[in-house]
Amino acid sequence: MFNLFLLQALNGVQFGILLFLVAAGLTLIFGIMDLINLAHGVLYMVGAYLAATFTAYTGNFFLGVLIALPVTLVFGIVLEVLVFRRLYERDHLDQVLATFGLILILNESVKIIWGAAPLSVPTPDLLSGSIPLIGPLRYPLFRFAIIAAGLLTAIGLYVMVNHTRVGMLLRAGAVNGPMVSALGVNIKRLFMVVFGLGAMLAGFAGAMVAPILSVEPGMGDSVLILTFVVIVIGGVGSIRGAFVAAILVGLVDTLGRTFGPILLRSLMDPSAASQTGRTMAPMLIYILMAAVLFFRPSGLFPAKGNA
Amino acid sequence: MNADAENAAAAVPTGTAPGRKPLVARGGANLAALIMFGVLALLPVLAGLIDDPFLVVTFTRVLVFAIAVLSLDFILGYGAMVSFGHAAFLGLGAYAAAIPAAHGVTDLFLQVAIAAVACGLFALVTGAISLRTRGVYFIMITLAFGQMAYFFMTSLSAYGGDDGITLATRSTVLGSGILENDVVFFYVVLGTVAASYAVLRAIIGSRFGRVLSGTRENATRMQAIGFPPFPYQLTAYVIAGIIAGIAGVLLANQTEFVSPAYMSWQRSGELIVMVVLGGMGTMIGAVPGALAFLLLEEWLAYFSEHWKLGLGVILVLIVLFTRGGIAGFVSKYLGGGRA
């Protein structure tokens, strides 16, 4: 039982790390620009597709991801210049409609370019196989690599946000954007950088899961909604909040799906327990979100006093 | 960019978002609604004349969606609550017809009552949590709750789960299968649209509706003059949820099939598009909005299986290049959206 718990906890952390990568960019976009971007999940999908394509071209997963990253960055910046730049001043409804339109466009374009069938990316040889944990217990190396890469990115982001000039502007922008602009900072360029960075992070997450999930149109949509839950729990505009909330959501979701039915089995008969467990498990994170909101309406670590 | 700046400049002093119109000439709107419903009532006759029974079926579908659009316009256009989870109520209502039907309870009134109670409770609980927040948060939370309902139904394998559930028959009215007749069903749906319109209009014109519109314009000022927005917004949210649930019961009857896809978040997005196409905060725009969207969908699908691409492009272009978004576009070029 403990072994199962350990494995599922690692899976939960790995899932949480991915959510964090997508949420980190999005929470900055929400926090600094007060822009609701529904199309962020699509960037995750684009990253996965680009990684799959470049991996197939070069025959090397690492090279594929390495090429996919700058391409998603450029793609994000192009989107910012073409669409998002015009939405900052609009009300939320316009932003919802335009980014909803973008999702339709990009999901459908992906279907036209790559087809509706899921693509699969082979796990790179270097990271295939598994490593021993304790006793006979082993864990896939690739999933460890995802956790490590995600943690490194998180540390990099932490350093950037807290100890560099750009990071200082980001934090200032999240607290009071107009004031930053009034003090002579080119806020438009800052927005563009944040957007490109967010796109690249989401694309990175998509590229990394390409070998363990199927790459298919619409794969970003479910991630988007989980990301929203993460941001709501963590507090809009807070990287630290996004990290804590992402790990929390990853763990609760993964452990809930495994142990929910097991716990229920001690209360009711097995078939009813597995049915109830399967129905309740996907709802756990939303219940968690509702509970957090009940006690802290602006999330665990709000960037602004009153968001 | 220029237009944006002007928009922002125009919006700030009045405190009104661009594209939002004041309530004008309610009597005129009611007359227009009366004419519209009158014309629609003649539709089955027309369909009989040109021998096209499919026309009645198509319009039944449009009118079912119009009920949901009415309810969303009520909270979106008058309460400024951008709910991105409205399809959940539509889906819950559909299941309120399908699940009792699977157990032999086929009475329409009973199903409507179940839908109203279920959707009302769901709206009360999720609304009470969502309305503790505002703006971007509210949109994300309603989306998340909608998705929660979606996943719940997806994993409910006793009632079809992901695959959905087929209704054996349409609902019965006092034991008779009169709804099996498409024309009768059309009139039932039309009557429900008209009744929903009348009820929501009455609410909007009442003191309650005035307070609600006030919170849309400026929640802080309303609070300051003694009207805390929360109870008013929550009540409106529950009313909208119940009406959308009733639309769901009718939708289940129209398609005789219910699946979680009814409550997917794309559907919620489409409902918002319908509201905005018809003109936000107009009520009467619900029918044209639903009609325009469903026809556009069918028209684009006729050209290509990738019709969503076309829809997306149209959406983005309209929002980007017309002042005040789609509502501004509609009032500027089509002359619609005036209530």
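Keep in mind it's a predicted model, so treat the numbers as computed, not measured. (Residues numbered from 1 in each chain as written. Chains lettered and ligands numbered in written order. Predicted model: local features only at pLDDT ≥ 70, side-chain atom pairs only at ≥ 80, totals over all residues.)

Novice: Just to check I follow, could you spell out the overall build of chain A for this structure?
Specialist: Per the secondary structure count, chain A includes 12 helices and 2 strands. The globule rule puts the C-alpha radius of gyration for 307 residues at 19 Å, and the 20 Å found for chain A is close to it. Looking at chain A as a whole, 48% of its 307 residues qualify as buried. Looking at chain A alone, contacts between residues at least 24 apart form 77% of all its contacts between residues at least 6 apart. (Helix = DSSP H or I, 4+ residues; strand = E, 2+ residues; numbered from the N terminus. Rg over C-alpha atoms; globule rule 2.2 N^0.38 Å. Buried ≥ 20, exposed ≤ 12 C-beta atoms within 10 Å, placed from the backbone. Contact = placed C-beta atoms within 7 Å.)

Novice: What exactly am I supposed to notice about the overall build of chain B here?
Specialist: Looking only at helices and strands, chain B has 15 helices and 2 strands in total. Summarising the internal contacts of chain B: among those between residues at least 6 apart in sequence, 76% fall at separations of at least 24.

Novice: Explanation requested: the packing of helix α5 (residues 87–102) of chain B against helix α6 (residues 108–130) of chain B in the structure shown.
Specialist: When two helices pack together, their arrangement is given by the angle between the helix axes and by the axis-to-axis distance. All names here are of chain B. Relative orientation of the contacting elements α5 and α6 amounts to 140 degrees, with a least axis distance of 9 Å. One element, α5, and the other, α6, form an angle in the oblique class. For the element pair α5 and α6, the recorded crossing hand is right-handed. Every residue of α6 that contacts α5 at F89, L92, G93, A96, A97 and P100 is listed here: L110, Q111, I114, A115, A118, C119, F122 and A123. Residues belonging to the contact of α5 with α6 are distributed by class as follows: 12 nonpolar, 2 polar and no charged. (Axes fitted to C-alpha atoms, helices over the stretch in contact; angles between N-to-C directions. Parallel < 35°, antiparallel > 145°, perpendicular 65-115°, else oblique. Left-handed = near helix turned anticlockwise from the far one by under 90°. Nonpolar A, V, L, I, M, F, W, Y, C, P; charged D, E, K, R; others polar.)

Novice: When you look at the nonpolar core in this model, what are you seeing that I'm missing?
Specialist: If you look at soluble globular proteins, the nonpolar side chains tend to sit buried side by side. Among the nonpolar cores identified, the biggest contains 202 residues, and A48, V229 and V230 of chain A together with A66, V69 and A144 of chain B are the most heavily contacted of them. Among the elements that make up this core, the one with the highest residue count is helix α1 (residues 2–33) of chain A (16 residues). Setting aside residues up to four positions removed in sequence, A144 of chain B forms contacts with I225, F228, V229, Y286 and M289 of chain A. (Core = buried A, V, L, I, M, F, W, Y, C linked by C-beta atoms within 7 Å.)

Novice: What is the right way to look at the environment of T172 of chain B in this model?
Specialist: Residues and elements named next belong to chain B. Position of T172 among the secondary structure elements: in the loop between β1 (165–166) and α8 (182–205). Looking at T172, the number of C-beta atoms within 10 Å reads 19, which means it is partly exposed. Along the chain, T172 and Y197 lie 25 residues apart, while their C-alpha atoms are 24 Å from each other.

Novice: So what exactly am I meant to see when it comes to the confidence of the model for chain B here?
Specialist: Reading predicted coordinates in detail is not appropriate for stretches of low pLDDT. Residue and element names in this part refer to chain B. Residues at a pLDDT of 70 or more form 87% of chain B, whose mean pLDDT is 83. Low pLDDT (under 50) marks residues 1–25, which in the prediction has 28 contacts with non-local residues, meaning those over four places away or in another chain. Predicted complex metrics record ipTM = 0.84 and pTM = 0.86. (pLDDT = per-residue confidence, 0-100.)

Novice: Sorry, what's going on with α8 of chain B here?
Specialist: Along an α-helix, a turn takes 3.6 residues, which lines up residues three or four apart on a common side. In this model α8 of chain B runs 34 Å from its N-terminal to its C-terminal C-alpha over 24 residues, within 8% of the 34 Å that 1.5 Å per residue would give. Here α8 of chain B has its buried residues at F185, F186, V189, L190, T192, V193, S196, Y197, L200 and I204 of chain B. (Expected span 1.5 Å × (residues − 1).)

Novice: When you look at the environment of R278 of chain A in this model, what are you seeing that I'm missing?
Specialist: Tracing the backbone through its elements, the reader meets R278 of chain A in helix α11 (residues 270–280). Here R278 of chain A falls in the partly exposed class, since 18 other C-beta atoms lie within 10 Å of it. Residues R278 of chain A and G260 of chain A lie 18 residues apart in sequence; the distance between their C-alpha atoms is 7.9 Å. Those residues within four positions of R278 of chain A in sequence are excluded, and the remaining contacts are P261 of chain A together with S155 of chain B.

Novice: Looking at this structure, how should I read the environment of S271 of chain A?
Specialist: Here S271 of chain A lies in helix α11. Through-space distance from the C-alpha of S271 of chain A to that of P261 of chain A is 9.5 Å; in sequence the pair is 10 residues apart.

Novice: Help me out: how do you make sense of the interface of chain B and chain A in this one?
Specialist: Interfaces are often described in size by the accessible area the parts lose on coming together. With 42 residues of chain B at the interface, the matching set in chain A holds 39 residues. At the level of elements, α1 (2–14), α7 (135–154), α12 (265–278), α14 (307–321) and α15 (325–334) of chain B are the ones that each hand at least two residues to the side of chain B that touches chain A. The greatest single-element share of the side of chain B that touches chain A, amounting to 13 residues, is contributed by α7 of chain B. Taken together, the residues that form the side of chain B that touches chain A break down as 30 nonpolar, 9 polar and 3 charged.

Novice: What is the right way to look at the packing of α1 of chain A against helix α6 (residues 165–175) of chain A in this model?
Specialist: Residues and elements named next belong to chain A. At a minimum axis separation of 6 Å, α1 and α6 run at an interaxial angle of 55 degrees. The angle between the axes of α1 and α6 places the two elements in the oblique class. Contacts between α1 and α6 pair L28, G31 and I32 from the former with L170, G173 and A174 from the latter. For the contact of α1 with α6, the per-class residue count stands at 4 nonpolar, 2 polar and no charged.

Novice: Can you help me understand unusual backbone geometry in this one?
Specialist: Note: most residues except glycine have negative phi, and most peptide bonds are trans. Residue and element names in this part refer to chain B. Positive phi outside glycine occurs at A80, with the angle close to 55 degrees. Looking at where A80 falls in the secondary structure, it is placed in the loop between α4 (53–77) and α5. The phi torsion at E256 lies on the positive side, around 55 degrees, for a residue other than glycine. Structurally, E256 is set in the loop between α11 (229–255) and β2 (257–258).

Novice: How should helix α9 (residues 219–234) of chain A be read in this particular structure?
Specialist: Residues and elements named next belong to chain A. Taking 1.5 Å of rise per residue, the 16 residues of α9 would be expected to cover 22 Å, and the 23 Å separating its terminal C-alpha atoms lies within 8% of that figure. Within α9, 14 of the 16 residues are buried, which leaves it mostly tucked inside the rest of the structure. Downstream of α9 by a residue or two, G235 has a phi angle that is positive, lying close to 105 degrees.

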